[in-house]
Amino acid sequence: MITANVVEPHRLWHEEPASRPDRARIRARIGGLHCSLCTGTIEKALGREPGVDKVAVSLTHEQALIEYDPKIADPAVLLRTLRDFGYTISDPRKVRPYEEEERDLVREGRRFMTATAFSLVAIALIANPSGLWSIALPIVVFGSLLALLFLVMRAKGLPTAIAGTFGVSALVLALLFLKRQGELDASIPWIVAGLAVILVFGVGRHILFMAAQALRRGILNQHVLLEVGAFAGIAGGLIGLAFALPDYPTAPFFAVTVMVTTYHIFSEWLSLIVKTRSSQAVKRLLDLQPDLARVEREGEEREVPIEKIRIGDRVRIRPGERVPVDGRVIAGHSAVDQSLVTGEPIPVEKREGDTVIGGAINGTGTLLVEVTAIGEESFLQKVIREVEDARALKPGILHLVDRVLRVYTPAVLLVAALAFLGWLGGSWFLSGAFELERAVFAGLSVLVMGYPCAVGISAPLSIVRGAGEAAERGILMRTGEAFQGFRLVRTVVLDKTGTLTEGRPALREIVGLDGAEDRLLALAAAAEAASEHPLGRAVVEAAFERGLTPPEVETFDAVPGKGVVTRIEGHAVTAGNPRFLTEQGIDLARLHERITGLEGAGHTVIVVAHDGQALGA
């Protein structure tokens with residue numbers, strides 16, 4: 001007996017804790033989703049597999065969560081089912097390279113440009129303007145399609161876009177002229193038929209394949225509905241070609257096939273470009289972690305890939321570098337900028353015994369860190385996992401859309417069939433003759449107007465676009481429900497360490513003991529000019545805004561976490577926090593009350609002293 005097993009050379013899923021101990025749960029990224037009917041197709045197909053308990057597919061973030069009985073179902077077999085449909089599978093823990101996403105956009109853009117050009121030619125060949133409205137409608141359609149064509153080609157450069165749009169326009173105008181001269185009357189049906197066949201079996205063959213796979217599993221989705229409409233148009237046109245019926249709209253039947261297929265390809269391109277441009281939250285989080293770390297092993301320092309670091313390793317972090325791992329400081333002292341991880345704009349002082357978070361940026365000091373968490377247990381990976389879990393879940397509005405679309409396609413097919421039979425039977429009942437042309441057009445009209453991708457794509461893509469805008473402003477939505485419900489928020493309660501800030505410090509007040517605020521600010525700016533601390537930069541910016549020129553600094557010594565000691569024009573100038581100046585033996589009695597008031601109001605105070613005497617804060 002020969003036993004065949006499914007071999008998965010590279011695992012393209014991520015295992016996660018399930019809701020029950022006897023169940024397993026995997027998460028996978030699915031490429032090729034275009035509207036909510038795609039998610040419904042996958043949920044139905046996987047839900048019918050033996051051993052599968054739950055399936056949740058998110059169009060907005062192209063993720064699938066599958067919970068199953070590991071004794072019955074095999075993840076490789078489940079994901080192979082999706083490949084059979086024509087979808088692509090990839091590891092959800094790995095971000096797709098930018099170049100790969102751009103290649104997909106170029107491929108879909110070419111399909112859409114080809115389909116658009118075919119539609120323009122088909123419309124030019126079947127147009128028969130005889131009145132105001134019959135002239136205005138083709139002009140509007142031509143203008144819209146040419147604008148979309150220009151938009152797609154604009155990515156290749158303005159000259160290319162102009163030349164391409166002009167070339168297609170010239171072709172359409174030439175066909176209209178030849179048609180008006182009667183040169184193409186006999187060949188028009190055959191030309192449009194050729195366009196329809198090339199579009200259905202060539203440019204859009206992936207749609208035909210996915211429709212066949214859905215029908216094989218008894219699933220009615222948008223691909224099935226599209227192909228029913230497309231083949232109905234081809235069938236109507238073939239009737240005209242085969243029987244040479246007088247005044248029969250052979251070319252318009254084929255044109256319906258061309259235009260409905262173009263519309264579907266347009267929805268695919270639109271969905272892909274919105275998702276590619278807008279969903280960047282997790283990519284930005286992953287970019288926070290370096291690929292390599294300097295690890296001390298066997299008495300020497302070596303660069304080691306992040307995935308090969310072990311708990312207990314000692315990692316050295318130099319000034320200005322990004323912290324590669326979570327750990328505990330065992331040597332060194334520095335200010336660490338954790339704003340990209342925690343949102344706090346002021347660097348946090350780190351010394352021996354303090355913890356550091358992977359993704360933060362080290363300041364001016366060098367740190368030696370003992371690794372305490374790696375891989376999935378690190379802080380950054382936990383945040384990424386939470387965001388990914390939220391991305392894979394649907395808000396309530398999408399569940400409603402899914403429920404509607406489950407019955408939408410069968411309902412449209414049923415209404416189209418009734419329209420066809422109604423016109424066929426009604427014409428025979430009223431006139432005693434079957435009006436096949438009207439019956440086919442009635443059925444086709446229902447199929448075209450009832451095409452569901454507009455319903456299935458609008459809500460998800462609006463969420464994708466909104467989430468992308470939020471991510472660009474540093475806002476990550478943990479759940480789909482939170483995103484959906486945010487429109488109802490009227491009051492925001494902030495629970496945050498310190499004061500809500502703009503994300504960067506700014507000088508708010510100057511207190512000079514002798515009233516010489518400009519001199520105080522100029523000296524403070526000179527002392528802080530060489531500092532990399534955000535508070536120092538804020539002082540320097542304030543001095544330049546007032547038009548002050550800080551004097552030259554002769555010597556500079558920074559004390560991490562405390563302040564700076566400098567020599568300016570032959571005098572000792574010290575700037576830093578009140579405690580640091582007190583440690584330097586500087587009397588702050590005259591400033592004590594004002595310092596207490598400012599710190600009580602949430603301000604960070606920098607005191608400046610000149611030759612051992614406090615000047616102000």
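Rules used in this analysis
Residues numbered from 1 in each chain as written. Predicted model: local features only at pLDDT ≥ 70, side-chain atom pairs only at ≥ 80, totals over all residues. Heavy atoms only, no water. Helix = DSSP H or I, 4+ residues; strand = E, 2+ residues; numbered from the N terminus. Buried < 20%, exposed > 50% of the residue type's maximum accessible area, 1.4 Å probe, protein only. Contact = heavy atoms within 4.5 Å. Areas by Shrake-Rupley, 256 points an atom, 1.4 Å probe, with all protein chains shown as cover. Polar contact = N/O pair within 3.5 Å; in protein donor to acceptor, adjacent residues only side chain to side chain. Pairing = 2+ DSSP bridges. Axes fitted to C-alpha atoms, helices over the stretch in contact; angles between N-to-C directions. Phe/Tyr/Trp six-rings, centres within 6.5 Å; stacked < 30°, edge-to-face > 60°. Parallel < 35°, antiparallel > 145°, perpendicular 65-115°, else oblique. Left-handed = near helix turned anticlockwise from the far one by under 90°. Expected span 1.5 Å × (residues − 1). Nonpolar A, V, L, I, M, F, W, Y, C, P; charged D, E, K, R; others polar.

Asker: Quick rundown of the overall build of the protein chain? Include the residues and the values.
Answerer: A tally of helices and strands in the protein chain yields 20 helices and 19 strands. Counting every position in the protein chain, which comprises 617 residues, the buried fraction comes to 46%. Taking the intrachain contacts of the protein chain between residues at least 6 apart in sequence as the baseline, contacts between residues at least 24 apart amount to 67%. Surface accessibility of the protein chain: about 31700 Å² in total, with carbon and sulfur atoms responsible for 59%.

Asker: Can you explain the environment of Y248? Please cite residues and give values.
Answerer: Relative to the helices and strands, Y248 is located in the loop between α8 (222-243) and α9 (250-278). Considered as a pair, Y248 and E437 are 189 residues apart in the sequence and their alpha carbons are 7.3 Å apart. Residues contacting Y248, with those up to four places away along its chain left out, are G236, I239, G240, F253 and E437. A distance of 2.8 Å separates a polar side-chain atom of Y248 from the backbone oxygen of G236.

Asker: Any chance you could break down the environment of L226 for me, citing the residues and the numbers?
Answerer: By the secondary structure assignment, L226 is in helix α8. A relative accessible area of 1% means that L226 is categorised as buried. Once the C-alpha coordinates of L226 and H264 are considered, the two residues, 38 residues apart in sequence, prove to be 7.7 Å apart. Setting aside residues no more than four positions away along its own chain, L226 makes contact with I207, V260, T261, H264 and Y451.

Asker: Let's hear about the sheet that holds strand β17 (residues 571-576): which residues, and what values?
Answerer: By way of backbone hydrogen bonds, the strands of a sheet pair with one another, either parallel or antiparallel. On the basis of which strands lie adjacent, the open sheet formed by five strands has the order β15-β16-β17-β18-β19 and antiparallel pairing. Here the strands that pair on one side only, and so sit at the sheet edges, are β15 (553-559) and β19 (613-616). Strand-to-strand, the axes of this sheet are offset by a mean angle of 25°, without reference to chain direction.

Asker: How would you sum up the packing of aromatic side chains? Please name residues and give values.
Answerer: The final tally for this structure, using the stated rule, is six aromatic pairs. Both rings, one in Y248 and one in F253, keep their centres 5.5 Å apart while their planes meet at 25°; by these two values the pair is stacked. Look at Y248 and you get buried, because its relative accessible area is 10%. Put simply, the rings of F112, F266 and W269 touch in pairs and so form one group of aromatic residues.

Asker: Now, about the packing of helix α1 (residues 36-47) against helix α2 (residues 75-85): what can you tell me, with residues and values included?
Answerer: Closest axis-to-axis distance for the α1/α2 pair is 10 Å, and the angle between their directions is 135°. One way to sum up the angle between α1 and α2 is to call them oblique. Crossing of α1 against α2: the hand is right-handed. In this structure, α1 uses T41, I42, A45 and L46 to contact α2, whose residues at the interface are L78, T81, L82 and F85.

Asker: Any chance you could break down helix α6 (residues 188-203) for me, citing the residues and the numbers?
Answerer: Residues that lie three or four places apart on an α-helix share one face, since the helix turns once every 3.6 residues. Under the 1.5 Å per step criterion, the end-to-end length of α6 is 21 Å for 16 residues, consistent within 8% with the ideal 22 Å. When α6 is considered as a whole, its buried residues turn out to be I188, P189, V192, A193, L195, A196, L199, V200 and V203.

Asker: If you had to explain the packing of helix α17 (residues 517-528) against helix α18 (residues 534-545) to someone new, which residues and values would you point to?
Answerer: Interaxial distance between α17 and α18 falls to 8 Å at its minimum, and their mutual angle equals 135°. Compared by their axis directions, α17 and α18 come out oblique. When you trace α17 past α18, the crossing you get is left-handed. Between α17, through L521, A524, A525 and E528, and α18, the contact on the second element is made entirely by G536, V539, V540, A542 and A543. Looking at side-chain class alone, the contact of α17 with α18 contains seven nonpolar, one polar and one charged residues.

Asker: Which residues make up the environment of T261, and what values do they have?
Answerer: Counting through the fold element by element, T261 comes out in helix α9. Relative accessible area serves as the criterion here: at 3%, T261 is assigned to the buried category. In sequence terms T261 and L226 are 35 residues apart; their C-alpha atoms lie 7.1 Å from each other. The contacts of T261, once residues within four sequence positions are left out, are L199, V200, L226 and A230.

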